Structures are given as C-alpha cells and as structure tokens.
There are 2 protein chains.
Amino acid sequence: MAGRAQALYRKVAADLERGISEGAYGSGGKLPAEGVLAEQYGVSRGTVRQAMSVLRANGFVASRRGTRRVVLRTSQSQSFGELLSFTRWARSTGEEPGGRVVRAVQGPASGTESARLRVAEGAEVCRVLRVRTLSGRPVMVERTVYPEAVGALVAELEPDTVSFTVRLEEQGVLFADAQHTIDLVPADATDAELLGCGEGDVLLREQRRSTDPAGAPIEFSEDRYLPGTVAFTANSSAGSGSLARRAGRPSSG
Amino acid sequence: MAGRAQALYRKVAADLERGISEGAYGSGGKLPAEGVLAEQYGVSRGTVRQAMSVLRANGFVASRRGTRRVVLRTSQSQSFGELLSFTRWARSTGEEPGGRVVRAVQGPASGTESARLRVAEGAEVCRVLRVRTLSGRPVMVERTVYPEAVGALVAELEPDTVSFTVRLEEQGVLFADAQHTIDLVPADATDAELLGCGEGDVLLREQRRSTDPAGAPIEFSEDRYLPGTVAFTANSSAGSGSLARRAGRPSSG
DNA sequence: GAGTGGTCTAGACCACCGA
DNA sequence: CGGTGGTCTAGACCACTCC
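Residues numbered from 1 in each chain as written. Chains lettered and ligands numbered in written order. Predicted model: local features only at pLDDT ≥ 70, side-chain atom pairs only at ≥ 80, totals over all residues. Heavy atoms only, no water.

Caption draft 1: Seen up close, the protein's contact with DNA strand C. The local shell around DNA strand C holds 27 residues, among which Arg45 and Ser63 of chain A together with Leu8, Ser44 and Thr47 of chain B are the closest. In DNA strand C, the atoms that sit within 4 Å of the protein are 73% sugar and phosphate, with bases accounting for the remainder. The contact in question runs from a sugar or linking oxygen of DNA strand C to an N or O atom on the backbone of arginine 64 of chain A, over 3.5 Å. Here the surface near DNA strand C is composed, by residue class, of eight nonpolar, eight polar and 11 charged. (Near = heavy atom within 4 Å. Polar contact = N/O pair within 3.5 Å; in protein donor to acceptor, adjacent residues only side chain to side chain. Nonpolar A, V, L, I, M, F, W, Y, C, P; charged D, E, K, R; others polar.)

In structure tokens:
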C-alpha cells in the first residue's frame, strides 16, 4: 500500500485543508471523528491521524482527548517554496518580483561562514549581494553565501535571473529544511544606498540556513527588508513548537 | 501500554535531544537506525518514529529514505512556555523580568477584537496595556485583549504581578496553541513615552493569538520591542512548515 | 457510559541510498 | 543487494469529555 506519487495521508490532509478553508466546518467548528474520516476516505485510522498531524502542525486545528478536533483558522497556508523563494512569494501575492546582482565574489570561508555552511575553514565559498524589488521598487537586500558546489551553479546564472532558487532546483538542488532567525538591524551604507533609506534606519532581518534532504547546507542568507514590506507568521503548540524567542542580537552582522 | 505521566515517545525524544545537544552524534553526524533505537529503548518502531517526528519538527534532524537521520543542529530548544511568557523567557536568558500595568479597562469588543477572540461583537473584553522591563530597562510594550472569562481572572491580579501567564495557568487556564505574526511598526506616542524612544521609530511587533486545548481563544496580544532586544527563531521543512511570509502590514495597528 | 483522540504494538511492503 | 526510512494497516487499551 505504498509507492504512490503522493502519499495517501497528504491527499487526505490537502482535502481536509481545502474543506476547512472553504468553511465546510466553520470557524471554531468541529471536524468529523477520526473513525468517520477513515471510513469516508477508505483508509486506516493511522493514516487519518498522520493527515491530522499535518493540519495540526500548520495551525489549522486544535485537538485533545475526549472531543472532536476544532478548527483554529480557515486561511490557506503557504508552501515551503514560497517561504524560501522571494520570487515565488512575490508572485503568490500578485506582485512582480525582480532582482539585480550587485556583487558576486568567491573566496575562502571565514570562521562564521564555515560553521554556518559546515565546510572547512578557508574552503572556497561564493558570496552574492542582491537587491530584490517588487514592481520595480527596492524592498530587500539579500546577502547569500553558497558552498563551492552550489556556488558553481550560481556562477553560471545570468545576473538578472529572477529566481536563483527555482534555477537551482531545476539543476537538481533540493531544499528540504531551513532554520530562520528574525530580528532588527540598522541599515549600513550599502543597505541605505540600495534601498534608498537612511543609514542607521531600522530594517527587518531574516537570516536563513537552508539544507538539502541529506542535511547538507545549501545556502546561508541574510535578508534585510524595508519596514512595511513583509510580515512573517508562525504557529506553535505545546507539543512541539517550531518558533522560539532569543535574546538581543544573536549574530549581529 | 498507555496511561503514563509522560508518553513513552516523549521520553525517547527528550533523551535523544539530550544526546544530540551533548554532541553524542556530532554536528552533521548520523543517528542510529530506527530499529536499533527501538531495541535500545525497548519500544516499537512506531514509537521511535513518533519521537523522531518531534525532533524533526524542532529542527534537530533531517531525514530521508535510504540513509540514517542526520543531525542538523545541536543547540537546546526552547519550551512553548518560554515563547508565550515574557517572564519565563527573560529568566531563561538570565535577565530579571519586570512588568507594570499602565492601563486596564473593560469594554465592548470592536469588530477586529471580536473576530480575534471569537466572541460576539460588543461582548465585554478586558484590555491591558503594560510595559515590560529587563533589569529595570523598558524593552517592550504589550497590548493584550482577554475575553470576559479570562479578563475576570486578570482583573484580580495585582498591577505589579510579574507574570500574568503563570498566574493564569495556576488558575487552570491552559495555553495549548498560538498563532504569531512578526513585522515592523512605527512607535506611536504611547510607545515612545513608555520605551523612551522617538515617535515613529521602528519597533519589532509580535502579534499573538493564544488558544486553550479546546481551541477557545485565551488572549490576543500585540507586543512591540525595541531594536536589539529580541530575536525570533523558527524551523521549517518541505513536509510541513509552520513559518510563512506575508505581504506588507496584514493588520496594521 | 458512549464517543473520541492519545499512545503503543506488530507486521507488511515499498522507495531509496550507498557499497 | 542489504540497510534504512516512508507509508499503511489492524488492533488494542487508555484518558478524557460530555451528556
């Protein structure tokens, strides 16, 4: 009963998510019991529970012993790809994304870089500085470091390539996991010039370390957004929250 | 084999997390196979997999078919309580937390408030404005709205109560899930006065809607931090990411 | 007490990775 | 080709909620 293009439990989860976002159960409404859903979909209770764990992780339902699951929110969820790719995100919001490479250099990894990319200190890495635009308006400055193997692919891309992420995926680079840190940082001279703001103005910073299915780092990126251009959302639960709060500036750049 | 204070899979997960953070497998190292762990802990493979799903959700391991799981990070993870409670968070970082109620009023819920707390429009809600301090230094302004039942408990707390969250939990209010939005917002006159910054200065905003195990909203809070005082971290994966990116100011306050 | 979700087991087959 | 994780099933017992 395995070996399908898409796992059964993912189809069930997707179907339930569709139902929820279409308001089939209402906001705060109750989902059918596991047993009922199992029969409806013709699957075992275990498969229904696997689907439910996806919905729970995405913040759609609350669940506890003794009562049926309750709808927590009805909005659609965003995909992993839209989180990693500025281009995909922009398009999903109806905006026209753009990007321009300001600088791309190769060189030996610093101590910080080698730790973040898990390569030997002094190993060659590829650094790219880009401005990202929405409908021509600069909104974000992106500083990305790639390990040598990925950097070789990046180096072959045209400077005006809109989405590096999409191109890398086409080359077989798979993004599987990412760790993010979100905080504030004052704009430096480069940020100010590229974004058209004042030096020292506060920007929203997202640092991101993406890894492939084998756990090997693909990129480390530091993105700085102008105020009012972006918001991040997350869900957390007592069982296992992915979101956490840290003190001050953990790795000020 | 059920009916324990803590589920077996949670003990296994906690034990593995401890091993990982103590470097027993190294950074980027491989974990033992599921079958091996099942035998070691004397549990079934299903229980080991449940434990692994916790580790995966918390960003500790990457996993794929064909090879053993790989350690992604070795740092300790924060608890759900430390995410929701400013006080617990501050103490976990070695700081001395403080809080002062600036204003606490009751009144009919606005349209926005009623939607956020899932109460009828015009239903009584309790609004609290507080300054939060670290070692006496103001770092955050907190605007929280409680539904009437919770507000009644809050109203009985002393104004200098350090942690409302902890006191509410003592009264039997259980926090089970939360949805968060993180973005930037300019300081208004109140923020500026309470935080000692300029009006219009950019602050980091976290909006949070917490619900109990039944899915009923407990609070809606809007917290505004001074730059350099806080950072949020999150993990996401292709399977089911809890983090997402949204456009502009989704619900500007 | 009936209904429901939480936990655990045992076993099966498959897809994938790497030697 | 053996080892490993991914998926699915069937069944069991328990804790909890609500009537």
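And the narrative resumes.
Caption draft 2: Inspection of the pairing of strand β5 (residues 137-147) of chain A at higher detail. Residues and elements named next belong to chain A. Burial analysis of β5 places eight of its 11 residues in the buried class, which makes it a mostly covered element. One ladder, built from 10 bridges, connects strand β4 (residues 124-134) with β5; its direction is antiparallel. Residue pairing across strands places arginine 130 opposite glutamate 142, the latter belonging to β5. In this sheet, strand β8 (residues 217-225) lies alongside β5 in antiparallel orientation, the contact comprising six bridges. Residue pairing in the sheet places glutamate 142 in a bridge with aspartate 223 of β8. (Buried < 20%, exposed > 50% of the residue type's maximum accessible area, 1.4 Å probe, protein only. Helix = DSSP H or I, 4+ residues; strand = E, 2+ residues; numbered from the N terminus. Pairing = 2+ DSSP bridges.)

Caption draft 3: Expanded view of the environment of alanine 244 of chain A. Structurally, alanine 244 of chain A can be placed in strand β10 (residues 244-247). Residue classification places alanine 244 of chain A among the buried residues on the basis of a relative accessible area of 11%. Separated by 35 residues in the primary sequence, alanine 244 of chain A and arginine 209 of chain A place their C-alpha atoms 16 Å from one another. Setting aside chain neighbours within four positions, we find alanine 244 of chain A in contact with Gln78, Leu83, Ala231, Phe232 and Thr233 of chain B. (Contact = heavy atoms within 4.5 Å.)

Caption draft 4: Spotlight on the domain arrangement of chain A. Split into domains, chain A comes out as domain 1 (8-71) and domain 2 (80-225). Taking only C-alpha atoms into account, the centre of domain 1 of chain A sits 36 Å from that of domain 2 of chain A. (Domains from an automatic or database assignment.)

Caption draft 5: View of the side chain of glutamate 142 of chain A. All names here are of chain A. If you trace the backbone, glutamate 142 turns up in strand β5. Classification of glutamate 142 as buried rests on a relative accessible area of 6%. A distance of 2.8 Å separates a polar atom in the side chain of glutamate 142 from a polar atom in the side chain of arginine 132. Not counting residues up to four positions away in its chain, the partners in contact with glutamate 142 are Val128, Leu129, Arg130, Arg132, Ser221, Glu222 and Asp223.

Caption draft 6: Layout of the protein's contact with DNA strand D. In the vicinity of DNA strand D, 28 residues are found, and the nearest of them are Leu8, Ser44 and Thr47 of chain A together with Arg45 and Ser63 of chain B. Those atoms of DNA strand D that come within 4 Å of the protein belong to sugar or phosphate at a rate of 73%. Between DNA strand D and arginine 45 of chain A, the relevant distance is 3.2 Å, taken from a base nitrogen to a side-chain nitrogen or oxygen of the residue. Here arginine 65 of chain A contributes a side-chain N or O atom positioned 3.5 Å from a sugar or linking oxygen of DNA strand D.

Caption draft 7: Representation of unusual backbone geometry in the model. Non-glycine residue serine 135 of chain A carries a positive phi angle of around 55°. Its identity is not glycine, yet arginine 118 of chain B carries a phi of approximately 50°, on the positive side. Note that arginine 118 of chain B resides in the loop between α6 (111-117) and β4 (124-134).

Caption draft 8: The relation of the copies chain B and chain A, seen in detail. Aligned on chain A, chain B shows an RMSD of 0.1 Å; the corresponding rotation is 180° and the shift along the axis is 0.0 Å. The transformation relating the two chain copies, once decomposed into turn and shift, fits a two-fold axis. Rotation axis and chain B: the residue whose C-alpha lies nearest the axis is valine 202 of chain B, separated from it by 3.1 Å. Comparing contact sets, 100% of the residues at the interface of chain B also lie at the interface in chain A, consistent with an isologous, same-surface contact. (Least-squares fit on C-alpha atoms with pLDDT ≥ 70 in both.)

Caption draft 9: The arrangement of the pattern of salt bridges in detail. On inspection of all chains with the given rule, the structure shows 40 salt bridges over all chains. Here arginine 208 of chain A and glutamate 219 of chain A are joined by a salt bridge, their closest N and O atoms 3.1 Å apart. Linking arginine 208 of chain A in strand β7 (residues 202-211) with glutamate 219 of chain A in strand β8, this pair joins segments that are 11 residues apart in sequence. For arginine 208 of chain A, a relative accessible area of 3% puts it in the buried group. Residue glutamate 219 of chain A is classed as buried on the basis of its relative accessible area, which comes to 5%. Aspartate 191 of chain B is the salt-bridge partner of arginine 143 of chain B, the closest N and O atoms lying 2.9 Å from each other. Taken together, the residues span a long stretch of sequence, with arginine 143 of chain B in strand β5 (residues 137-147) and aspartate 191 of chain B in helix α9 (residues 189-195) at a distance of 48 residues. Each of Arg143, Asp183, Asp188, Asp191, Arg205, Glu222 and Arg224 of chain A takes part in salt bridges that share partners, so that together they form one network. (Salt bridge = Lys/Arg side-chain N within 4 Å of Asp/Glu carboxyl O.)

Caption draft 10: Spotlight on the sheet that holds strand β7 (residues 202-211) of chain B. Read across the open sheet, the eight strands follow the order β3(B)-β4(B)-β5(B)-β8(B)-β7(B)-β6(B)-β9(A)-β10(B); overall the sheet is antiparallel. Each having just a single partner strand, β3 (97-108) and β10 (244-247) of chain B make up the two edges of the open sheet. Each strand axis lies, on average, 20° off the axis of its neighbour in the sheet, ignoring direction. Across the sheet, helix α7 (residues 148-155) of chain B is in contact with β3, β4, β5 and β8 (217-225) of chain B; its angle to β5 of chain B comes to roughly 135°. (Axes fitted to C-alpha atoms, helices over the stretch in contact; angles between N-to-C directions.)

Caption draft 11: Here's a closer look at the pairing of strand β6 (residues 177-186) of chain B. With nine of its 10 residues buried, β6 of chain B lies for the most part within the structure. Two elements, strand β9 (residues 230-237) of chain A and β6 of chain B, share six bridges in a ladder whose sense is antiparallel. Each bridged residue has a counterpart across the sheet, and for asparagine 235 of chain A the counterpart in β6 of chain B is glutamine 179 of chain B. One ladder, built from 10 bridges, connects β6 of chain B with β7 of chain B; its direction is antiparallel. Considered in β7 of chain B, the bridge of threonine 181 of chain B is made with glutamine 207 of chain B.

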